Amino acid sequence: MKLKTLVFLAAVGATSNALAAPKLVLQVTVDGLRADLLQRYQDSFEKKGFRYLLKNGAVFSNARYLHANTETIVGHATLATGATPAVHGMVGNVWYHAESGELGYNIEDPEAPLLATRKDVNKGAQIDPAQKRARSKGRSPRGILAPTLSDTMRISIPGNVRVFGVSGKDRSAVAMAGHTGTAYWYSTDTGDFQTSSYYMDSYPDWVSSFNEQRKAEAFSGKKWELDFAPESYLLAKQDDRPYEIDLKGYGKTFPHPYGDASHPLFFTRLLVSPAGDQLLSEFAKTLITAEDIGQDNTTDYLSVSFSSVDAVNHFFGPSSLENEDAVRQLDSTLADFLSFVDQEVGLDETLIVLSADHGMAEMPEYVTEKGLPAKRLYAHEVLAHARQFAKTRYGDANLVKDFFRPYLYLDPDVLARRELDRDEVTESLGVALTALDGIRSAVPSASASDRNEFAVAHNHHRSRSGDLYLYQEPYWFLLEKGPIGVMHGSPWGYDQQVPVIFAGPGIEAGIYGELVHPIDVAPTLANLLGIPAPAASQGNALPQVTNR
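None of the values given here were measured: they were computed from a predicted structure.

## Things to note about the packing of helix α7 (residues 205-212) against helix α9 (residues 274-290)
Two numbers describe how α7 lies on α9: the axes approach to 10 Å, and their chain directions differ by 150°. As the angle between them shows, α7 and α9 are arranged roughly antiparallel. Along this stretch, α7 crosses α9, giving a crossing that reads as right-handed. Seen from α7, the contacting residues are W206, V207 and F210; seen from α9, they are L279, E282, F283, T286, L287 and A290.

Okay, structure coming up:
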């Protein structure tokens with residue numbers, strides 16, 4: 001079938017230039033795909049994967065997020081709603097939940113428990129610092145405070161618009177499926193694809209059948225090995241770096257053994273490799289066939305969020321041989337997946353969107369090797385410093401309730417009991433914390449806009465954000481202690497800048513250097529579909545794409 005796709009990599013809106021109704025909107029998001037990585041590896045890409053988009057698409061080379069906390073849920077919710085976290089409410093992977101006064105996970109929902117996929121669950125070791133803060137196994141989109149593009153499609157397009165979000169991570173799938181679609185995600189406990197009772201009471205037969213094939217267990221005893229000739233890799237000499245993280249026997253150099261399926265980290269190791277993206281692609285292809293996606297005259301929506309590049313980056317860094325192989329293997333996976341969509345739906349009737357939820361910093365040790373000073377600063381050190389200051393100045397260390405990057409939280413009961421002014425306390429604490437080596441700024445969150453801290457202001461939600469927003473110097477690491485080598489989440493360019501590409505019917509190939517933002521994605525897509533932009537959208541329809 002002739003490739004006549006409309007491809008986007010992170011930006012879109014709504015006018016009279018609507019396409020003849022496509023059969024499918026396919027939104028592809030690559031977790032942690034920093035903008036420069038496509039250019040770095042493009043000479044090694046296949047014709048029908050990333051290279052197809054780069055060659056035939058409208059490429060926006062200066063696309064940057066507006067918000068400061070560049071994390072997974074924040075980016076995905078922004079792509080989905082066309083709004084900043086100040087509006088959609090997903091201010092971080094973790095925040096204090098006002099109703100309980102406790103830190104909690106972004107999409108946790110005790111009223112939507114997970115649906116079991118098997119009885120013999122091999123509970124995996126939890127290494128995600130955000131998931132560790134979850135107080136409930138339940139998951140739902142109820143905490144997202146704005147409608148998504150997919151919700152708007154369900155409301156505005158006549159007929160039965162089928163909406164699905166799938167991902168290697170729960171928060172990615174849930175955000176993109178919106179409030180009215182269905183989300184499935186990979187489980188690091190079982191290797192199955194699961195969902196919650198928010199979406200259904202029991203699994204469709206096709207999901208049960210897919211999980212019964214135990215595709216993840218097929219990797220038991222195998223290894224992640226280089227997929228191409230060793231001499232073809234740009235970063236071939238960057239395989240053995242002492243500061244990379246060994247996942248308890250996974251190793252720092254190729255090949256990386258997955259181990260036996262009974263190992264508590266087995267299913268996590270698959271996600272920290274190209275295998276995770278391959279499993280997701282297989283599930284998404286099965287979904288397309290089983291749910292008859294794109295088989296009638298009503299436009300359907302499918303989001304596929306690949307998670308393995310981000311996972312690999314966290315342990316090996318974006319300038320590692322592991323990153324290069326992960327991106328190159330994802331290119332092959334994407335080419336295969338797009339060929340499948342062409343066969344089943346037709347790329348000439350598919351509107352494709354490709355972007356990233358955030359970028360990624362380099363490992364601080366790698367940066368230091370290159371001559372720029374950077375170190376590791378841990379959350380418990382920041383918290384201890386803040387509490388010592390509170391004890392010395394205000395007589396009570398408990399005035400500082402907690403710190404989970406990027407927010408520091410004051411205890412309202414202590415403030416009231418000691419009759420302290422919250423603004424004065426946050427001001428003085430901010431000055432004290434900025435004196436810490438590695439902290440660039442400690443901004444009173446509520447007054448960020450008065451200080452021209454625009455990225456922090458875009459991240460501020462009155463009932464979810466903490467009292468102080470902290471961010472580190474460029475390339476410094478700031479996170480809880482644990483098996484993580486490098487982190488994203490800053491307002492610096494390497495975290496904010498992501499790929500944005502559009503290609504398809506009527507869109508001319510070209511490179512555009514104008515500054516655009518991922519909040520433009522949802523309104524541009526709505527423009528092309530001839531429907532209203534999502535209700536809370538703050539972005540613009542990009543004229544380079546919509547004025548065909």
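## Overview of the sheet that holds strand β14 (residues 400-404)
Taken in spatial order, the four strands of this open sheet run β14-β15-β17-β16, and their pairing is antiparallel. Two strands lie at the open edges of the sheet, namely β14 and β16 (439-444), each paired on one side alone. For this sheet, the mean inter-axis angle between neighbouring strands, taken without regard to orientation, is 20°. In this structure, strand β15 (residues 407-410) lies alongside strand β17 (residues 468-472), joined through two bridges in antiparallel fashion. Its bridge partner lying in β17, L408 is registered against L468.

## Some details on helix α10 (residues 308-316)
Of all nine residues that make up α10, nine are buried, and the element is covered over most of its length. When we look at burial in α10, the residues that qualify are S308, V309, D310, A311, V312, N313, H314, F315 and F316. Following α10 by one or two positions, G317 has its phi on the positive side, about 85°.

## Section: the environment of L420
Mapped onto the elements of the fold, L420 is located in the loop between α14 (412-417) and α15 (422-434). For L420 and D205, which are 215 residues apart along the polypeptide, the C-alpha to C-alpha distance reads 59 Å. If we skip the residues at most four places from it in the chain, L420 touches Y394, L399, L415 and V425.

## Description of the pattern of salt bridges
Here the structure, examined in full by the defined rule, presents 29 salt bridges. Between K23 and E349 there is a salt bridge, with its nearest N and O atoms 3.6 Å apart. Taken together, the positions of K23 in the loop between β1 (6-8) and β2 (24-30) and E349 in the loop between α11 (321-344) and β12 (350-355) put the pair 326 residues apart, joining distant regions of the chain. Using a relative accessible area of 32% as the deciding quantity, one classes E349 as partly exposed. Note that R118 is salt-bridged to D192, the shortest N-O span being 2.7 Å. One end of the pair, R118, is in the loop between β5 (102-105) and α5 (149-156); the other, D192, is in the loop between β7 (182-186) and β8 (193-194), and 74 residues separate them in sequence. Residue R118 is classed as buried on the basis of its relative accessible area, which comes to 12%. On the basis of relative accessibility, which here comes to 2%, the residue D192 falls in the buried class.

## A short note on the packing of α10 against α11
Look at α10 against α11: their axes get within 9 Å of each other, and the N-to-C directions meet at 175°. One finds that α10 runs roughly antiparallel with respect to α11. Of the residues in α11, those touching α10 at V309, V312, N313 and F316 are E322, N323, A326, V327 and L330. Taken together, the residues of the contact of α10 with α11 sort by class into six nonpolar, two polar and one charged.

## A closer look at the nonpolar core
Judged by nonpolar contacts, the single largest core of 147 residues is most densely connected at L26, Y184 and L270. Sorting elements by how many residues they give to this core places α11 first, with nine residues. Apart from the residues lying within four places of it in its own chain, the contact partners of L270 are Y186, A216, F219, Y258, A275, G276, L279 and S308. Counting residues in each nonpolar core, the second largest holds 28 residues, with V382, F389, V425 and W476 among its members.

## Considering unusual backbone geometry
Omega for the bond connecting F254 with P255 falls within 30 degrees of zero, at -5°, which places this linkage in the cis form. With an omega of 10°, the peptide bond running from R405 to P406 counts as cis. Located in the positive-phi region is R214, a residue other than glycine, with phi close to 50°. Mapped onto the elements of the fold, R214 is located in the loop between α7 and β9 (223-224). Assessed through its relative accessible area of 28%, R214 is described here as partly exposed. With a phi close to 55°, E419 is a non-glycine residue in the positive phi region. Judged by its relative accessible area of 73%, E419 is exposed.

## Let's talk about the pairing of β2
Here β2 lies mainly inside the structure; seven of its seven residues are buried. The side-chain alternation of β2 yields two buried faces, one formed by L24, L26, V28 and V30 and the other by V25, Q27 and T29. Pairing analysis gives six bridges linking β2 to β12, with the strands arranged parallel. Its bridge partner lying in β12, V28 is registered against L354.

## Digging into the side chain of D31
When you line up the elements, D31 lands in the loop between β2 and α1 (36-41). Classification of D31 as buried rests on a relative accessible area of 0%. Apart from the residues lying within four places of it in its own chain, the contact partners of D31 are T72, H76, K169, S172, F306, S307, V309, D310, D357 and H358.

## A word on α15
With 13 residues, α15 extends 18 Å between its outermost C-alpha atoms, agreeing within 8% with the 18 Å of an ideal straight helix rising 1.5 Å per residue. Of the positions making up α15, those classed as buried are V425, T426, S428, L429, G430, A432 and L433. Where α15 is buried, its residues meet α13 (379-394), β14, β15, α14, β16 and β17. Residue D421 occupies the N-cap position of α15, its side-chain oxygen lying 3.3 Å from the main-chain nitrogen of D423.

## Description of the packing of aromatic side chains
In the structure shown here, the tally under the stated rule is 25 aromatic pairs. Centre to centre, the rings of Y186 and F193 are 5.9 Å apart; their planes meet at 65°, and the pair counts as edge-to-face. Taken as a pair, Y186 and F193 share a single burial class, namely buried. Taking 5.8 Å as the distance between ring centres and 85° as the angle between the ring planes, the aromatic pair formed by F219 and Y258 counts as edge-to-face. Placement of the pair is F219 in the loop between α7 and β9 and Y258 in the loop between β10 (256-257) and α8 (266-271), with a sequence separation of 39 residues. In this pair, the class of F219 matches that of Y258, namely buried.

## Quick look at the environment of D402
If you trace the backbone, D402 turns up in strand β14. Among all residues touching D402, those that are not within four sequence positions of it are Y96, L103, R133, L383, R387, Y407, L408 and Y409.

Cut-offs and rules
Residues numbered from 1 in each chain as written. Predicted model: local features only at pLDDT ≥ 70, side-chain atom pairs only at ≥ 80, totals over all residues. Heavy atoms only, no water. Axes fitted to C-alpha atoms, helices over the stretch in contact; angles between N-to-C directions. Helix = DSSP H or I, 4+ residues; strand = E, 2+ residues; numbered from the N terminus. Parallel < 35°, antiparallel > 145°, perpendicular 65-115°, else oblique. Left-handed = near helix turned anticlockwise from the far one by under 90°. Contact = heavy atoms within 4.5 Å. Pairing = 2+ DSSP bridges. Buried < 20%, exposed > 50% of the residue type's maximum accessible area, 1.4 Å probe, protein only. Salt bridge = Lys/Arg side-chain N within 4 Å of Asp/Glu carboxyl O. Nonpolar A, V, L, I, M, F, W, Y, C, P; charged D, E, K, R; others polar. Core = buried A, V, L, I, M, F, W, Y, C linked by side-chain atoms within 4.5 Å. Expected span 1.5 Å × (residues − 1). Polar contact = N/O pair within 3.5 Å; in protein donor to acceptor, adjacent residues only side chain to side chain. Phe/Tyr/Trp six-rings, centres within 6.5 Å; stacked < 30°, edge-to-face > 60°.

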